[in-house]
Amino acid sequence: MGNDQKDVEYFLQQKQVNFWRLVELTLDNVFHMAPIAVSEIKEELSSASKIEQLLFYHSEALSVASNIASKIPNNKHVEQYKRLREQVYADQV
(Lines give C-alpha, C1' and ligand atoms only; values in the text may rest on other atoms or scores of the structure.)
Protein backbone atom coordinates (compact mmCIF):
# COMPACT_ATOMS: atom_id res chain seq x y z
CA MET A 1 0.00 0.00 0.00
CA GLY A 2 1.42 3.37 -1.01
CA ASN A 3 1.89 6.34 1.27
CA ASP A 4 -0.96 8.25 -0.40
CA GLN A 5 -3.36 5.39 0.28
CA LYS A 6 -2.21 5.20 3.92
CA ASP A 7 -2.71 8.96 4.27
CA VAL A 8 -6.24 8.70 2.88
CA GLU A 9 -7.10 5.80 5.17
CA TYR A 10 -5.71 7.64 8.18
CA PHE A 11 -7.68 10.76 7.26
CA LEU A 12 -10.91 8.76 6.90
CA GLN A 13 -10.30 6.97 10.18
CA GLN A 14 -9.78 10.30 11.97
CA LYS A 15 -12.98 11.66 10.43
CA GLN A 16 -14.89 8.65 11.77
CA VAL A 17 -13.33 9.01 15.24
CA ASN A 18 -14.31 12.68 15.36
CA PHE A 19 -17.78 11.96 14.02
CA TRP A 20 -18.51 9.43 16.76
CA ARG A 21 -16.93 11.65 19.39
CA LEU A 22 -19.31 14.42 18.34
CA VAL A 23 -22.31 12.06 18.36
CA GLU A 24 -21.42 10.92 21.89
CA LEU A 25 -20.85 14.47 23.14
CA THR A 26 -24.14 15.57 21.59
CA LEU A 27 -26.03 12.74 23.22
CA ASP A 28 -24.47 13.53 26.59
CA ASN A 29 -24.43 17.33 26.58
CA VAL A 30 -27.36 18.26 24.35
CA PHE A 31 -29.87 15.45 24.83
CA HIS A 32 -28.68 14.41 28.32
CA MET A 33 -28.57 10.76 27.38
CA ALA A 34 -25.80 8.24 28.00
CA PRO A 35 -24.16 7.34 24.68
CA ILE A 36 -24.46 3.59 25.26
CA ALA A 37 -26.29 2.92 21.98
CA VAL A 38 -23.37 4.23 19.92
CA SER A 39 -21.27 1.07 20.10
CA GLU A 40 -24.17 -1.02 18.80
CA ILE A 41 -24.71 1.31 15.85
CA LYS A 42 -20.99 1.39 15.07
CA GLU A 43 -20.96 -2.42 15.02
CA GLU A 44 -23.96 -2.57 12.68
CA LEU A 45 -22.39 0.03 10.42
CA SER A 46 -19.15 -1.91 10.16
CA SER A 47 -21.00 -4.71 8.37
CA ALA A 48 -22.71 -2.32 5.92
CA SER A 49 -21.46 -1.85 2.39
CA LYS A 50 -18.84 0.83 1.74
CA ILE A 51 -21.47 2.91 -0.08
CA GLU A 52 -23.85 2.71 2.89
CA GLN A 53 -21.02 3.69 5.22
CA LEU A 54 -20.08 6.61 2.99
CA LEU A 55 -23.67 7.84 2.95
CA PHE A 56 -23.95 7.46 6.71
CA TYR A 57 -20.80 9.49 7.38
CA HIS A 58 -22.20 12.30 5.27
CA SER A 59 -24.96 12.69 7.84
CA GLU A 60 -24.74 15.45 10.38
CA ALA A 61 -23.78 14.09 13.82
CA LEU A 62 -26.70 16.04 15.29
CA SER A 63 -29.12 14.06 13.13
CA VAL A 64 -27.60 10.76 14.23
CA ALA A 65 -27.67 11.78 17.91
CA SER A 66 -31.24 13.05 17.72
CA ASN A 67 -32.36 9.79 16.09
CA ILE A 68 -30.67 7.77 18.83
CA ALA A 69 -32.28 9.98 21.49
CA SER A 70 -35.66 9.94 19.66
CA LYS A 71 -35.83 13.73 19.96
CA ILE A 72 -36.39 16.49 17.45
CA PRO A 73 -33.68 19.13 17.92
CA ASN A 74 -34.86 22.63 18.75
CA ASN A 75 -32.92 25.89 18.32
CA LYS A 76 -31.24 25.53 21.71
CA HIS A 77 -30.07 22.02 20.79
CA VAL A 78 -28.68 23.26 17.48
CA GLU A 79 -26.72 26.05 19.15
CA GLN A 80 -25.31 23.67 21.76
CA TYR A 81 -24.37 21.23 18.99
CA LYS A 82 -22.60 23.93 16.97
CA ARG A 83 -20.41 24.78 19.96
CA LEU A 84 -19.53 21.11 20.45
CA ARG A 85 -18.76 20.70 16.75
CA GLU A 86 -16.41 23.67 16.86
CA GLN A 87 -14.58 22.10 19.81
CA VAL A 88 -14.25 18.68 18.18
CA TYR A 89 -13.03 19.98 14.85
CA ALA A 90 -10.88 22.85 16.18
CA ASP A 91 -7.83 20.57 16.10
CA GLN A 92 -8.13 20.01 12.37
CA VAL A 93 -7.94 23.61 11.19
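Since we're looking at a predicted model, the values are computed, not measured.

As a volume, the largest pocket reaches approximately 400 Å³. Leu-12, Lys-15, Gln-16, Leu-54 and Tyr-57 are, among the 13 residues lining the largest pocket, the residues nearest its centre. For the lining of the largest pocket, the secondary structure elements donating two or more residues are helix 1 (3-29) and helix 3 (50-56). If you tally residues by element for the lining of the largest pocket, the top one is helix 1, at seven residues. Residue composition of the lining of the largest pocket, grouped by class: six nonpolar, four polar and three charged.

Another point: the pattern of salt bridges. Under the definition given, this model contains two salt bridges. In this structure, Glu-60 and Arg-85 form a salt bridge, with 3.2 Å as the shortest nitrogen-oxygen distance. Here Glu-60 is found in the loop between helix 3 and helix 4 (61-69), whereas its partner Arg-85 is found in helix 5 (residues 75-89), with 25 residues between them in sequence. Judged by relative accessible area, Glu-60 falls into the partly exposed class, the value being 36%. For Lys-82, the salt bridge identified is with Glu-79, shortest N-O distance 3.8 Å. Of this pair, Lys-82 and Glu-79 both sit in helix 5, three residues apart, which is roughly one turn of that helix. Looking at Lys-82, the relative accessible area reads 33%, which means it is partly exposed. Given a relative accessible area of 41%, Glu-79 falls into the partly exposed group.

Rules used in this analysis
Residues numbered from 1 in each chain as written. Predicted model: local features only at pLDDT ≥ 70, side-chain atom pairs only at ≥ 80, totals over all residues. Heavy atoms only, no water. 1 Å grid on protein atoms, 1.4 Å probe; cavity = no way out; pocket = protein on both sides within 12 Å on 5 of 7 lines; lining within 4 Å. Points joined across faces, edges and corners; volume = space filled by probe spheres on them. Helix = DSSP H or I, 4+ residues; strand = E, 2+ residues; numbered from the N terminus. Nonpolar A, V, L, I, M, F, W, Y, C, P; charged D, E, K, R; others polar. Salt bridge = Lys/Arg side-chain N within 4 Å of Asp/Glu carboxyl O. Buried < 20%, exposed > 50% of the residue type's maximum accessible area, 1.4 Å probe, protein only.

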